[in-house]
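Here is what each chain is made of, one letter per residue.
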Amino acid sequence: MDRLPHEKGFHVSWDQLHRDARALAWRLQDARPEAGWRAVVAITRGGMAPAMIVARELDIRTVDTISVKSYNHQTQAEPRIIKSPDMEMVGDGSGVLVVDDLVDTGRTLEVVKAAMPKAHIATVYAKPQGRPQVDTFITEVSQDTWIFFPWDMALQYVKPYHGADD
Ligand SMILES: O=P(O)(O)OC[C@H]1O[C@H](OP(=O)(O)OP(=O)(O)O)[C@H](O)[C@@H]1O
Ligand SMILES: Nc1nc2[nH]cnc2c(=O)[nH]1
Ligand SMILES: [Mg+2]
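Residues numbered from 1 in each chain as written. Chains lettered and ligands numbered in written order. Predicted model: local features only at pLDDT ≥ 70, side-chain atom pairs only at ≥ 80, totals over all residues. Heavy atoms only, no water.

Here we look at the pattern of salt bridges
The tally for this structure, following the rule as stated, stands at 10 salt bridges. Notably, a salt bridge pairs R61 with D59, separated by 2.9 Å at the nearest N-O pair. D59 gets classed as exposed once you look at its relative accessible area, which sits at 52%. Two residues, D92 and K118, come together in a salt bridge whose shortest N-O distance is 3.8 Å. In this pair, D92 is assigned in the loop between α3 (87-90) and β5 (96-103) and K118 in the loop between α4 (107-115) and β6 (120-126), connecting sequence segments 26 residues apart. We classify D92 as partly exposed; its relative accessible area is 33%. Linked by salt bridges that have partners in common, R22, R56 and E57 make up one network. (Salt bridge = Lys/Arg side-chain N within 4 Å of Asp/Glu carboxyl O. Buried < 20%, exposed > 50% of the residue type's maximum accessible area, 1.4 Å probe, protein only. Helix = DSSP H or I, 4+ residues; strand = E, 2+ residues; numbered from the N terminus.)

Written as structure tokens, this is what we have:
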């Protein structure tokens, strides 16, 4: 599949992620089934921080994980499940919220949806190509944007503007 180069960077701070994950939780509260959400399944590793915030906001105590490995840094490989959630608990996914930090090509979610076809899929950020795989998300960024999360960044010194050419 052709992939656009990532020309732009979208840098997300912890504070911003917390705000956006809370906004996702509030949206998911409105989308809940009559009996409420039964469980949250986080797609590791990026989905774990947003899933924790969503579970806290919506008071969901059953939290499990699914591990799908597809990227080495910015290079994509064939996604595969390397750890499943408790499938007896998850069933076909009805009443289960699957949470990830973002959808890009949608290939990770394809694999997840094959395992839990009736789950509600929620991501904090979405790129256009993967958007159809998601039921609820908060912010869309363009396909040629790479999203940098707080766990991949560090504060560092920046030269003052007036001395930039020195
Ligand atoms: O829609 P896709 O093109 O499949 O990409 C989206 C996935 O890629 C990233 O995870 P990654 O595989 O890098 O693992 P990580 O969450 O452990 O960092 C991100 O957290 C999503 O899970
Ligand atoms: N951190 C990060 N991981 C990704 N995996 C697929 N797309 C992205 C992205 O834009 N940012
Ligand atoms: Mg991930």
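Having seen the structure, we can now continue with the description.
Overview of unusual backbone geometry
Note that the residue after T44, namely R45, is joined by a cis bond; omega there is -5°. The topology assignment puts R45 in the loop between β2 (39-44) and α2 (48-58). For D59, which is not glycine, the phi dihedral falls at a positive 55°. With respect to the secondary-structure elements, D59 resides in the loop between α2 and β3 (63-72).

Focus: the site of ligand 2
In the region of ligand 2, the neighbouring residues are Y71, L102, D104, K127, T145, W146, I147 and F149. At 3.5 Å, a side-chain N or O of W146 approaches a nitrogen atom of ligand 2. In this structure, I147 approaches ligand 2 through a main-chain N or O atom, which is 2.7 Å from a nitrogen atom. Examining the composition of the shell around ligand 2, we find that 3 residues originate from one element, strand β8 (residues 145-148), more than from any other. A class-by-class count of the residues in the shell around ligand 2 yields 5 nonpolar, 1 polar and 2 charged. (Near = heavy atom within 4 Å. Polar contact = N/O pair within 3.5 Å; in protein donor to acceptor, adjacent residues only side chain to side chain. Nonpolar A, V, L, I, M, F, W, Y, C, P; charged D, E, K, R; others polar.)

Brief notes about the site of ligand 1
By nearness alone, 15 residues border ligand 1, and R45, D100, D101, T105 and T108 come closest of all. Contact between ligand 1 and T105: an oxygen atom at 2.5 Å from a side-chain N or O atom of the residue. T108 places a side-chain nitrogen or oxygen 2.5 Å from an oxygen atom of ligand 1. Contact with the protein chains removes 86% of the 500 Å² of surface that ligand 1 exposes when unbound. Elements with a minimum of two residues in the shell around ligand 1: β3, β5 and α4. With 4 residues, β5 is the largest single contributor of residues to the shell around ligand 1. When the residues that make up the shell around ligand 1 are grouped by side-chain class, the tally is 3 nonpolar, 7 polar and 5 charged. (Areas by Shrake-Rupley, 256 points an atom, 1.4 Å probe, with all protein chains shown as cover.)

Digging into the UniProt feature "binding site: GMP" (unreviewed entry) in the chain
Following the UniProt record, the feature "binding site: GMP" (unreviewed entry) maps to D104, T105, G106, R107, T108, W146 and I147 here. Note on placement: R107 falls in helix α4. Using a relative accessible area of 18% as the deciding quantity, one classes R107 as buried. Within the secondary structure, I147 sits in strand β8. For I147, a relative accessible area of 5% puts it in the buried group. (UniProt positions renumbered as here; feature names shortened; annotations may be inferred.)

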